[in-house]
2 protein chains.
Amino acid sequence: MFQARIYVTLKQGILDPQGNAVQGALASLGYQNVEEVRVGKYLVLSLAHSDRAEAEKEVREMCARLLVNPVIEDYTFELQEVSL
Amino acid sequence: MFQARIYVTLKQGILDPQGNAVQGALASLGYQNVEEVRVGKYLVLSLAHSDRAEAEKEVREMCARLLVNPVIEDYTFELQEVSL
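What counts and what doesn't
- Residues numbered from 1 in each chain as written.
- Chains lettered and ligands numbered in written order.
- Predicted model: local features only at pLDDT ≥ 70, side-chain atom pairs only at ≥ 80, totals over all residues.
- Heavy atoms only, no water.
- Contact = heavy atoms within 4.5 Å.
- Buried area = accessible area lost by both parts, 1.4 Å probe.
- Salt bridge = Lys/Arg side-chain N within 4 Å of Asp/Glu carboxyl O.
- Polar contact = N/O pair within 3.5 Å; in protein donor to acceptor, adjacent residues only side chain to side chain.
- Helix = DSSP H or I, 4+ residues; strand = E, 2+ residues; numbered from the N terminus.
- Nonpolar A, V, L, I, M, F, W, Y, C, P; charged D, E, K, R; others polar.
- Pairing = 2+ DSSP bridges.

Colleague: Explanation requested: the interface of chain A and chain B in the structure shown.
Modeller: How large an interface is tends to be reported as the accessible area lost when its parts come together. Listed by partner, the interface residues are 32 residues for chain A and 32 residues for chain B. Overall, the association of chain A and chain B removes approximately 2900 Å² of surface from exposure, summing both partners, and the carbon and sulfur fraction of that is 63%. Together, Y31, N33 and Y42 of chain A form the three largest contributors to the area buried by chain A at its contact with chain B, with a combined 22%. The interface formed by chain A and chain B contains zero salt bridges. One can count 16 residue pairs in polar contact (both at pLDDT 80 or more) joining chain A with chain B. Those elements giving two or more residues to the side of chain A that touches chain B turn out to be β1 (2-10), α1 (17-28), β2 (34-47) and α2 (52-67) of chain A. Among the elements that take part in the side of chain A that touches chain B, β2 of chain A stands out by supplying 14 residues, more than any other. The residue makeup of the side of chain A that touches chain B, split by class, is 20 nonpolar, five polar and seven charged. Pairing of β2 of chain A with strand β2 (residues 34-47) of chain B involves 13 bridges; the strand directions are antiparallel.

No statement about biological role is implied by the geometric values presented.
Have a look at this one:
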């Protein structure tokens, strides 16, 4: 059994209106030191695989097919073996 | 200058309809091995601080006041010094 933690971020240069909104809200609370905010997704998947290579391959495939929009997003992930 | 990476997740036991939708979509694509999906937020903040302790304090404060709903969400974060 593996746990995959997937971090999906907007590519550099892609506008992030949600991040800008968060930055504006923080500024209005007095946090003027925050120069940039980027908002991404954090997905945690539990995979019933016993083989690490197979789990890794499947995570890449799922990202490419559904979880990530490769036009505007990048992703990284970590795989961790977990016991039930 | 510091970069804060904040991972916001739903607490254990809180229903995650977005995660369930993703799991359903993955299952319909043939990924039956995915037993659970939890969807969280991943925030990257650039902070114009020179002092690590101060930056850390501010991140905690911002999480408590705006970024995280402590009733249903947990968070962790990492601080990394970056050069301009």
